[in-house]
Amino acid sequence: MSTAAEKEWLYALDISDATWQRAPGDAVEAVEVAFLERGAVAMRNSTEPDVVLRYTKAEWDAFVLGARDGEFDLEL
């Protein structure tokens, strides 16, 4: 499946019954993720649950690998 077709499929996917997960804690504002079909992932901010970003498996895998490799670490 081409990247464009995969993104089209992903954004057409009904996620109304998705199971959202967040890190433990009592924070009012948190990042929440839902694992979808075909290894795709949806992400949202708990204070704006109607704004959902969706990532293909390849995009999510690249993000996770980059995070593990320190690609997003801030230099303070």
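Being a predicted model, the structure only gives us computed values, none of them experimental.

Asker: Can you help me understand the packing of aromatic side chains in this one?
Answerer: In this description, a pair of aromatic rings is defined by centroid distance and the angle of the planes. Summed over the entire model, instances satisfying the criterion amount to three aromatic pairs. Aromatic ring contacts, followed pair by pair, group Tyr-55, Trp-60, Phe-63 and Phe-72 into a single cluster. The ring of Trp-9 has Arg-38 sitting right over it, with the charged end atom 3.9 Å from the ring centre. Arg-44 extends its terminal NZ or CZ atom over the ring of Trp-20, reaching a point 3.9 Å from the ring centre.

Asker: Would you mind going over the pattern of salt bridges with me for this structure?
Answerer: Pairs can form between side chains of opposite charge once their charged atoms are near each other. Scanning the entire structure with this criterion turns up four salt bridges. Across the salt bridge formed by Glu-59 and Lys-7, the nearest N and O atoms sit 2.9 Å from each other. Here Glu-59, found in helix H2 (residues 57-68), pairs with Lys-7, found in helix H1 (residues 3-12); they are 52 residues apart in sequence, far enough to count as distant. One salt bridge connects Glu-32 with Arg-22, and the closest N-O pair in it is separated by 3.1 Å. Of this pair, Glu-32 sits in strand S1 (residues 31-35) while Arg-22 sits in the loop between H1 and S1; the two residues are ten residues apart in sequence, bridging distant segments of the chain. By relative accessible area, Arg-22 is classed as partly exposed at 34%. Among the charged side chains, a network of salt bridges with common partners joins Arg-22, Glu-32 and Arg-44.

Asker: It is not clear to me how the environment of Ala-4 should be interpreted in this structure. Could you clarify?
Answerer: Note that Ala-4 resides in helix H1. When the C-alpha positions of Ala-4 and Phe-63 are compared, they lie 19 Å apart, and in sequence the two are 59 residues distant.

Asker: Explain the pairing of strand S2 (residues 41-45) here, please?
Answerer: Most of S2 is tucked away, with four of its five residues classed as buried. Alignment of S1 against S2, held across five bridges, turns out to be antiparallel. Paired with Glu-32 across the two strands is Arg-44, which belongs to S2. Here S1 hands over to S2 after five residues, with Arg-38 in that stretch at a positive phi of 60 degrees. Sheet topology note: the S2/strand S3 (residues 48-55) ladder contains five bridges and is antiparallel. Residue pairing across strands places Asn-45 opposite Glu-48, the latter belonging to S3. Taken together, S2 and the strand that follows it, S3, pair antiparallel across an intervening segment of two residues.

Calculation rules
- Residues numbered from 1 in each chain as written.
- Predicted model: local features only at pLDDT ≥ 70, side-chain atom pairs only at ≥ 80, totals over all residues.
- Heavy atoms only, no water.
- Phe/Tyr/Trp six-rings, centres within 6.5 Å; stacked < 30°, edge-to-face > 60°.
- Lys NZ or Arg CZ within 6 Å of the ring centre and 35° of its normal.
- Salt bridge = Lys/Arg side-chain N within 4 Å of Asp/Glu carboxyl O.
- Helix = DSSP H or I, 4+ residues; strand = E, 2+ residues; numbered from the N terminus.
- Buried < 20%, exposed > 50% of the residue type's maximum accessible area, 1.4 Å probe, protein only.
- Pairing = 2+ DSSP bridges.

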